[in-house]
Amino acid sequence: MENIKEKIIGIAKRIHIDCIGFTSAESFKKIKPILEERGKKGYLSGFEEKDLQKRIEPKEIFADVQSIISIGLSYNQELDKPNHGELYGKITKSSWGRDYHQVLQEKMKELMDCIEREITPVEYKIFVDTGPLVDREVAYRAGLGSFGKNNFMIHPQFGSWFFIGNVLVDFKIEEDFPIEEDICDSCDLCIKACPTGALKGAYQFNARKCISYLTQKKELLSEEERKSIGMNIYGCDICQLACPKNKKAKSSNHQSFQPDPDLAFPRIQKLLNMTNREFKEDFESIAAAWRGKKVLQRNAVIALGNSKDPRAVPILQECLKDPRWDIRLYTVWALNQFGEEERKIIKNWCYQEGDPRVQKEIRRVLGLLQEVL
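All chains use their own residue numbering, which begins from 1 and follows the written sequence. Only residues with pLDDT of at least 70 get local features here, since the model is predicted, and only at 80 or more are side-chain atom pairs given and counted; chain-wide, interface and lining totals rely on the full set of residues. Where side-chain values are given, they derive from all heavy atoms of the structure, hydrogens and water being excluded.

Peer 1: How should I be thinking about the sheet that holds strand β2 (residues 67-74) in this particular structure?
Peer 2: The strands making up a sheet associate through hydrogen bonds between their backbones, and the pairing can be parallel or antiparallel. Two strands pair if DSSP finds at least two bridges between them. Counting from the N terminus, the helices are the DSSP runs of H or I reaching at least four residues and the strands are the DSSP runs of E reaching at least two. Taken in spatial order, the four strands of this open sheet run β1-β2-β7-β4, and their pairing is antiparallel. Whereas interior strands pair on both sides, the edge strands pair on one side only; in this sheet they are β1 (19-24) and β4 (124-127). Looking at each pair of strands side by side, their axes are set apart by 20° on average, direction ignored. Note that β4 and strand β7 (residues 162-169) share four bridges and pair antiparallel. Counted as the bridge partner of Lys 125 is Leu 168 from β7. Here an axis means a line fitted to C-alpha atoms, over the contact stretch when the element is a helix, while the angle between two N-to-C directions is reported on a 0 to 180 degree scale.

Below, the structure written as structure tokens:
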């Protein structure tokens, strides 16, 4: 087993996998109480696998599994903010380059092809992010890093800026051990930096308050949630940017994660005017596209309101003509973030608005009584 492990590590280095670790196919049952408690508290995002057994039992997913290979690819890139003079939003670093699901799947397939050619025939299952198992717990047990207080996996070299992929294989590999060092010590900068209170304390995370979740949520956002989003069009990096461990993190060498400035900081007016075809052409290569054009456009309207920039007003006036009632509703809210002139625009619009849900929002934001309407 030791010889096999060394050969796999050698292959991983050769094909530019940044970090790799190995763990057994034993149950992850020790995290079951944590998952159950998070569920009771309503802290789960809803994107997780519903069957708890599949989240903790590798053999529920792949009956012949003997070991799990966990890999990490760094996506740490730097990019200056644009100076083109247009209003723009922000997209999380994890979606700056090509969709990481595809990149990691390809990299793990390359790894497994090399193992089959050079070591042994193998049956396997590959998972990236959307798999049933708790990715970070697998990576932790495989020794890829320690948990930070923000619940991210933190690697000694790459900080928390790395993607995790896991491969369940049908042969035994000598396992690694978790890094049990308390890397955060007394630091709580991530907790202090989180504007929504999603980090309920050290290692306590309410996914439904996370800005990243809010930018993906399809249900109607409350006023508090709209303000929380800020200028984020998709995702959030606040707690990671606050982490001292990330200040010295190694930069990524993967060309797949090189950012396109127009996608990392999308021009809001351009995004709002996109057709379905244009959106697909521009965004389909990045992870942010999975939630669809409408959700990102909704976030763009909210960002205009949060910008408090006068240049946003004529863009929002055009958005009042949008055929989608919810986009008009968010536009009403966004206009109300400005001054009295913008409130007059809303008042004038109320006579043209035919949807009762938008009319209700108009009454709410203006505090108007029935006689005024």
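There's plenty left to go through after this.
Peer 1: Would you mind showing me how to read the packing of helix α15 (residues 293-307) against helix α17 (residues 325-335) here?
Peer 2: Helix packing geometry: the angle between the two helix axes and the distance between the axes. At a closest axis distance of 8 Å, the pairing of α15 and α17 adopts a crossing angle of 15°. With respect to their mutual orientation, α15 and α17 come out roughly parallel. As α15 runs across α17, the sense of the crossing is right-handed. Residues Lys 294, Gln 297, Arg 298, Val 301, Ile 302, Gly 305 and Asn 306 of α15 form the contact with α17, whose participating residues are Asp 326, Ile 327, Tyr 330, Thr 331, Trp 333 and Ala 334. When residue character is reported, Ala, Val, Leu, Ile, Met, Phe, Trp, Tyr, Cys and Pro are called nonpolar, Asp, Glu, Lys and Arg charged, and the others, Gly included, polar. Looking at the contact of α15 with α17 residue by residue, the class counts come to six nonpolar, four polar and three charged. Roughly parallel means an angle under 35 degrees; roughly antiparallel means over 145; roughly perpendicular covers 65 to 115; every other angle is labelled oblique. It is the rotation of the near helix from the far one that decides the hand of a crossing: anticlockwise by less than a right angle makes it left-handed, clockwise makes it right-handed. Every residue pair with non-hydrogen atoms within 4.5 Å of one another is taken to be in contact.

Peer 1: Would you take a moment to explain the layout of surface pockets for this structure?
Peer 2: A 1.4 Å probe that fits but cannot get out identifies a cavity on a 1 Å grid over protein atoms alone, an open set with protein on both sides within 12 Å along at least five of seven lines counts as a pocket, and a residue lines either if it has an atom within 4 Å of a point. Grid points are joined across faces, edges and corners, and a volume is the space filled by probe spheres set on the points. In this structure, the second largest pocket encloses a volume near 410 Å³. Forming the boundary of the second largest pocket are 20 residues, of which Lys 93, Trp 96, Trp 161, Asp 237 and Leu 241 lie nearest the centre. Per-element accounting of the lining of the second largest pocket gives the leading share, three residues, to helix α10 (residues 238-242). Residues of the lining of the second largest pocket, tallied by class, amount to nine nonpolar, five polar and six charged.

Peer 1: Could you clarify how one ought to interpret the nonpolar core in this entry?
Peer 2: Note that soluble globular proteins tend to have their nonpolar side chains buried in a common cluster. By nonpolar core we mean a set of buried residues, namely Ala, Val, Leu, Ile, Met, Phe, Trp, Tyr and Cys, connected to one another through side-chain atoms within 4.5 Å. Only protein chains enter the accessibility calculation, which uses a 1.4 Å probe; a residue is then buried when its area is under 20% of its type maximum, exposed when over 50%, and partly exposed in between. Within the largest apolar cluster, 56 residues are counted, with the highest numbers of intra-cluster contacts made by Ile 91, Leu 271, Leu 272, Phe 283, Val 301, Leu 304 and Leu 316. Among the elements that line this core, the one with the most residues is α17, at seven residues. Excluding anything up to four places from it in sequence, Leu 272 contacts Gln 297, Ala 300, Val 301, Leu 304, Ile 315 and Cys 319. Within the second largest apolar cluster, 30 residues are counted, among which are Ala 12, Ile 17, Ile 69 and Phe 171.

Peer 1: In this structure, what is going on with the side chain of Ser 146? I would like to understand it.
Peer 2: In this fold, Ser 146 is placed in strand β5 (residues 146-147). Exposure remark for Ser 146: the relative accessible area of 3% places this residue in the buried category. In terms of polar contacts, Ser 146 uses its side chain to reach the backbone carbonyl oxygen of Ile 179, at 3.1 Å. Non-local contacts of Ser 146, meaning those with residues more than four positions away in its chain, are made with Tyr 140, Phe 152, Met 153, Ile 154, Ile 179, Glu 181 and Ile 183. Pairs of N or O atoms are called polar contacts if they sit within 3.5 Å, as long as, within protein, a hydrogen donor faces a hydrogen acceptor (for residues adjacent in sequence, only side-chain-to-side-chain pairs).

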